Amino acid sequence: MAPALLVLGVFVYLPLLQNLQYSVMKWDIYAGGSSFVGMANYEKLAGDPVFWRALLNNSAYAGVSLVCQVFGALLLAALVEGLRSERWRRALRAIYFVPSAISLTVAGLLFYFIYEPELGILNAALRGVGLDSLTQAWLGQEGTAIWAVIAMSQWQGFGYSTLLFAIAIQRIPQDLYDAASLDGVGPVRRFLQVTVPLTREMTGLMIIVTLSGAFQVFNEVMVMTSGGPNNSSQVLVSWLYRMGFGRNDFGYAAAIATVIFVLTLGVALLQLAITRKRRVEW
């Protein structure tokens, strides 16, 4: 175990400790100067409206991701695995997984053109069905920019979650479904009383992964909006990047990174504790 612990210590735990150190300093990485400022960076966080806007955007991203990439994906996986045709099951798994094979940068550029106000597919489709009043600059307005980014991200990650849930459902003994059918249990009750309880370990894992990923979103925002317009689509990591590499305030950026670490660690520990108490056994 020593080599693995050494790698973790050097590339994970040591940088975490260094980040905590930098978060209480005013640090100019380009000039090489630094000075101790105590909790000043965290006090600055409390009074920074863009930080709170970014935290709200991450929270919205997390909420939508839970609905779509966890509960929605579980429902879709159950529907796919419930089909009698093995050929259709394989085909649908592949179809839903394809968006996940596209890199986030490529997917972001793709949706950037889909959302384009004049030539984009979305507005063209709305005009085609007579809904001209709904057309707008999706990435150019404060009220819609972050939601447009979130929608793209759900499209990109939905299939991967569905595939993982499909694997979890395949592990459930078929005898349990057969017994439920013999007792006259319908498809909805089979889903709620057999599928949902026996996939809760995968559900717990997906909640951890989804929530942790929601507070580490970066590529989608930078490719599609760069945090605009007027910082309305900023998220924690994009604001960290802007503060660190844009304004050379690496102490403040380290403080933002500490907040992200605490949030993701708290979510992971809470969900792990819940999952351990509810292990699936059959």
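Residues numbered from 1 in each chain as written. Predicted model: local features only at pLDDT ≥ 70, side-chain atom pairs only at ≥ 80, totals over all residues. Heavy atoms only, no water.

S.K.: Got a minute to help me understand the side chain of Asp-48 in this structure?
M.R.: Residue placement: Asp-48 occurs in the loop between helix H2 (40–46) and helix H3 (49–81). Salt bridges are absent for the buried Asp-48, whose nearest opposite-charge side chain, Lys-44, sits at 6.7 Å. From its side chain, Asp-48 meets the backbone nitrogen of Val-50 in a polar contact 3.0 Å long. For Asp-48, the residues in contact, after removing those within four places along its chain, are Trp-239 and Tyr-252. (Helix = DSSP H or I, 4+ residues; strand = E, 2+ residues; numbered from the N terminus. Buried < 20%, exposed > 50% of the residue type's maximum accessible area, 1.4 Å probe, protein only. Lys, Arg positive; Asp, Glu negative; His and termini not counted. Salt bridge = Lys/Arg side-chain N within 4 Å of Asp/Glu carboxyl O. Polar contact = N/O pair within 3.5 Å; in protein donor to acceptor, adjacent residues only side chain to side chain. Contact = heavy atoms within 4.5 Å.)

S.K.: Looking at this structure, I do not really get helix H9 (residues 187–198). What am I missing?
M.R.: Each α-helix winds once per 3.6 residues, and so residues spaced three or four apart point in a common direction. Under the 1.5 Å per step criterion, the end-to-end length of H9 is 15 Å for 12 residues, consistent within 8% with the ideal 16 Å. The complete set of buried residues in H9 reads Phe-191, Val-194, Thr-195 and Leu-198. Summarising the axial view, the buried residues of H9 lie within an arc of 120 degrees, below the 170-degree limit, and thus occupy one face. Of the exposed residues in H9, the ones pointing more than 90 degrees away from its buried face are Val-188 and Leu-192. Where H9 is buried, its residues touch H3, helix H7 (145–170), helix H8 (174–182) and helix H10 (200–214). (Expected span 1.5 Å × (residues − 1). Arc of directions from axis to C-beta.)

S.K.: Looking at this structure, how should I read the packing of H3 against H7?
M.R.: To characterise two packed helices, one gives the angle between the axes of the helices and the distance between these axes. Two elements in contact, H3 and H7, have axes separated by 7 Å at closest approach and are oriented at 40 degrees. H7 is crossed by H3, and the crossing has right-handed handedness. Tallied by class, the residues present in the contact of H3 with H7 amount to 17 nonpolar, 10 polar and one charged. (Axes fitted to C-alpha atoms, helices over the stretch in contact; angles between N-to-C directions. Left-handed = near helix turned anticlockwise from the far one by under 90°. Nonpolar A, V, L, I, M, F, W, Y, C, P; charged D, E, K, R; others polar.)

S.K.: What exactly am I supposed to notice about the layout of surface pockets here?
M.R.: The rolling of a water-molecule-sized probe over the atoms marks out the regions of remaining empty space. Of the voids in this model, the largest pocket is the one considered here, and its volume is about 610 Å³. Residue lining of the largest pocket: 20 residues in total, with Ala-78, Glu-81, Gly-82, Tyr-177 and Arg-190 positioned closest to the centre. Among the elements of the structure, H3, H7, H8 and H9 are those that each provide at least two residues to the lining of the largest pocket. It is H9 that contributes the most residues to the lining of the largest pocket, five residues altogether. Each residue belonging to the lining of the largest pocket can be placed in one class, and the counts come to 10 nonpolar, five polar and five charged. If you add up the space inside the second largest pocket, you get close to 360 Å³. (1 Å grid on protein atoms, 1.4 Å probe; cavity = no way out; pocket = protein on both sides within 12 Å on 5 of 7 lines; lining within 4 Å. Points joined across faces, edges and corners; volume = space filled by probe spheres on them.)

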